[in-house]
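Summary of the model geometry
If you want the building blocks of each chain, they are given just below.
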Amino acid sequence: MSDDDTKILKTIIDTAHDHFFIVAPDGRIRDVSPGAAAVYGMSCEELCATSVQQLEADGVLTPSVSLEVIRSGRPAQLVQRTGTGRRVIAQAHPVFEGDRLVAVVSRSMDLTDLQLLQQEYALLQRRFSEHLRRGHALESDSEALEAELDDLEVKSQLMREVALLLKRVAPTDATVLMLGESGVGKTAFARQLHRWSSRRDGPFIDVNCAAIPESLFESEMFGHEKGAFSGAAPGGRKGLIEQAEGGTLFLDEIGELPLAVQTKLLKTIQDGSITRLGDRAPRRVDFRLVVATNQDLSARVEQGLFRLDLYYRLNVIPVTLPPLRERREDIPGLVERQLQRLNRRYGRDKMLARDVWQALMGWDWPGNVRELENTLERAWLSSDDVIQGDLLVPSTGASVGQLGGQQREAQQTAASLTGDSAALADGAMSPATPSAPGAARPELPLARGEGLKAALARREREILADCCRALPTTYAIAEHLGISQPSVVRKLKQHGLKIG
């Protein structure tokens, strides 16, 4: 390498935002970039006078990515904590001469500032939710949202908070990461976010990352030029990203994105441009990115299946959609909407039998809204004019009419929605059907002057208090109660409870 090349390379390293280490095969540090001093708390001279083994032993950096490459002979990526209290993404690559390892080149990117911004956002989000619960803003905003959310059938407090948050971030171009179990309605809310945004007149491109074969993924996402590969379109083809120009690109099942495509997507997010297969010239693209997954992306990062830097790029505004079992108030509206759709689609006017509503409210619906809708359609197609409970067979195979594990809770929940516990106890035609005049109402175990809502809250607190005494973690409580761990944390905070 000439002197000029050496000077150019040194200038690149010295002025780069990332921090570089060049390490010998025995762990001795040959050279570092100047920015590393601030992150690791040692001068460049002190760093070059030691080894990565010693730095790891002294707690200057933990763990050492260079040592991992020296042990394995393969590139590595991990998260380091430094002695200065910072958190960095560290990547390292081996340098071989033939089969002999001659050096390791590592670079690190400081994540502390980004993490602080995310923590500040999370704090603001919590304060915002508390303000909505305390003040009149939630009531007035919810009334304004009623007409806009008719198609989504949002009735529960949890989903109204989600909808309000999405409406507030919709005018921006911030990336939204939608989290939640399969079937909770992530696509429907992504479409609603698009309708609320300034890009509403542009296209909404819905991409299921799990449905595209890996061999075709790059050409489908980024497009290709004429002759880029055998079978390429004669005039070339726009990719899905280009098709989203001026609109919203929704990537569902983002956790299934192949690693090679993750790298290109990261570059697209950073640079705002794409390069088609077979082309050298980048093309500017303008779109809003919304992604969704039912997987734990942080776990996939640890497994090496998802890029950590892409995860941080996507996790700007995370929005978690709760499962249907945690928002049973939404079930009646979803059922009525699906029945109306089916009646319009097939030109009939069918209705549910008298004994079905209580069981519908009591079933957990592990497949969420999708399972509820599919179960209703299957029963609709199999029934005469009245849909009986034995035809409503969820994915477990047991008919809804046979389910009884949560009948008492379902009766109370449905009654609180309609104000008519006797009607549901007797098997009402619908949640809004009044009970017969003079019908006897069952006695509820309520304290004097205590309403149903307060009684349910009291009973919920008693159950959670028992779990806190008997179980060691919020994850164990969530598994025992059949709800999500964030829901357990929220409910414990709401009731002022702690484990142990």
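The following paragraphs examine the structure supplied in this document. Every chain's residues receive numbers from 1 upward, in the order its sequence appears when written. In view of the model being predicted, local features appear only for residues whose pLDDT reaches at least 70, and side-chain atom pairs are presented and counted only at 80 or more, with totals across whole chains, interfaces and linings using the full set of residues. Only hydrogens and water are removed before side-chain values are computed, so all heavy atoms of the structure are retained for them.

Moving on, we get to the sheet that holds strand E7 (residues 176–179). Strand pairing is assigned whenever DSSP detects at least two bridges linking the two strands. Here a helix means four or more residues in a row that DSSP labels H or I, a strand means two or more in a row labelled E, and each is numbered from the N terminus. Taken in spatial order, the five strands make up an open sheet running E8-E9-E12-E7-E13, and their pairing is parallel. On the outer flanks of this sheet lie strand E8 (204–208) and strand E13 (317–320), each paired with one strand and no other. The sheet shows a mean angle of 20 degrees between the axes of neighbouring strands, taken without regard to direction. Pairing of E7 with strand E12 (residues 288–293), which is carried by four bridges, proceeds in the parallel orientation. Residue Val176 lies in a different strand from E12, and its bridge partner there is Val290. Geometry is summarised by axes, namely lines fitted to C-alpha atoms with helices restricted to the contacting stretch, and by angles between N-to-C directions that run from 0 to 180 degrees.

Summarising the sheet, strand E4 (residues 76–82) and strand E5 (residues 87–97) pair through six bridges and their orientation is antiparallel. Following the sheet pairing, Leu78 is matched in E5 by Ala90. Between E4 and E5, which pair antiparallel in sequence order, lie four residues; one of them, Gly85, sits at a positive phi of approximately 85 degrees. Pairing analysis gives ten bridges linking E5 to strand E6 (residues 100–110), with the strands arranged antiparallel. Paired with Glu97 across the strands is Arg100, a residue of E6. Two successive antiparallel strands, E5 and E6, enclose a turn made up of two residues, where Gly98 displays a positive phi of approximately 70 degrees.

Our focus in this paragraph is the pattern of salt bridges. Counted as salt bridges are all cases of a side-chain nitrogen of Lys or Arg within 4 Å of a carboxyl oxygen of Asp or Glu. Applying the stated criterion to the full structure yields 25 salt bridges. Note that Arg307 is salt-bridged to Asp309, the shortest N-O span being 2.7 Å. On the basis of relative accessibility, which here comes to 18%, the residue Arg307 falls in the buried class. Ionic contacts of the salt-bridge type, sharing partners, join the residues Glu225, Glu242, Arg276, Asp279 and Arg283 into one network. Residue exposure (1.4 Å probe, protein chains only): buried if accessible area is under 20% of the type maximum, exposed if over 50%, otherwise partly exposed.

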